[in-house]
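Examination of the molecular architecture
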Amino acid sequence: MEPRKRFAKKDWLDLGLQRLARDGGAALTVDAMCEAANRTRGSFYHHFEDHGAFLEALFLAWKQRNTLDVADAILQQPQDKRAQTLSDIANMLDQDLERAVRQFAQANGIARAIVEEVDGIRTEFVVGLYRDAGLAPDLAREIAQLEYAAYVGSQIVWPNMTAEDRIRLDQRFASMVSKAFGPGRG
């Protein structure tokens, strides 16, 4: 018989994000996590001081993977490719997870604080892209806020929309912004 692989902190976080996306917040209890992992509570508490510490680590992992790592990948691109690359990457993220994170944050202060921080980071990142493209700061902020609200709203209104359709809508939005606020119009 092969020895069982040790369940690392990253394994708990990966499992937690998968379960949150698939089954919602109820799947994040210590008992539910241990059952899904086929591990003991001791294994869980070896990595997390308490359930709150687990939730904080979980939502910080989501922030890192779905926001900070995305921003880093975008900044590796030439400036003229950044907006399209952001659209491609953001729209390929697990939208079930994005919705589940927001739903859980409605009732959980730890998650809510991290989601609010992520929303600020994401919006400011898009503001920077528009400013780099030559838009005035106030206009860049307004358009970024509208675009981000549309991105989040579309996850809720059209939860089954394909990534390709979301990207197509993003491209249409970018085209409209470019036509309305192109060089000399911002």
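Residues numbered from 1 in each chain as written. Predicted model: local features only at pLDDT ≥ 70, side-chain atom pairs only at ≥ 80, totals over all residues. Heavy atoms only, no water.

1. Here's the deal with the pattern of salt bridges
If the charged atoms of two oppositely charged side chains come close together, the side chains can form a pair. Under the convention used in this document: For salt bridges, the criterion is a side-chain nitrogen of Lys or Arg within 4 Å of an Asp or Glu carboxyl oxygen. Throughout, exposure labels follow a simple rule: accessible area from a 1.4 Å probe, protein chains only, divided by the maximum for the residue type, with under 20% read as buried, over 50% as exposed, and the rest as partly exposed.
Summed over the entire model, instances satisfying the criterion amount to twelve salt bridges. A salt bridge links K5 to D11, with the shortest nitrogen-to-oxygen separation between them at 3.1 Å. Here D11 falls in the buried class, since its relative accessible area comes to 18%. The network of salt bridges with common partners includes K10, D14 and R65.

2. What to know about the packing of aromatic side chains
For clarity, the cut-off: Think of it this way: a Phe, Tyr or Trp ring, Trp meaning its six-membered ring, pairs with another when their centres are within 6.5 Å, and the plane angle makes it stacked under 30 degrees, edge-to-face over 60, tilted otherwise.
In the structure shown here, the tally under the stated rule is eight aromatic pairs. Residues F44 and F48 carry aromatic rings whose centres are separated by 5.2 Å and whose planes lie at 45° to one another, so their mutual orientation is tilted. Taken individually, F44 and F48 each receive the classification buried, so the pair is uniform in this respect. Measuring from centroid to centroid gives 5.1 Å for F48 and F54, while their planes differ by 75°, and the two rings are edge-to-face. The buried category is assigned to F54, whose relative accessible area is 0%.

3. A closer look at helix α8 (residues 137-157)
Where we set the bar: Put simply, DSSP H or I for four residues or longer makes a helix, DSSP E for two residues or longer makes a strand, and each gets a number counted from the N terminus. The span one expects for a helix is its residue count, reduced by one, times 1.5 Å. In this analysis, two residues are considered to be in contact whenever any of their non-hydrogen atoms come within 4.5 Å of each other.
The end-to-end C-alpha distance of α8 is 30 Å, a good match for the 30 Å that 21 residues give at a rise of 1.5 Å each. What α8 keeps buried is the set L139, A140, I143, A144, E147, Y148, Y151, V152, S154 and Q155. Its buried side turned inward, α8 meets α5 (82-92), α6 (95-105), α7 (109-132) and α9 (163-181).

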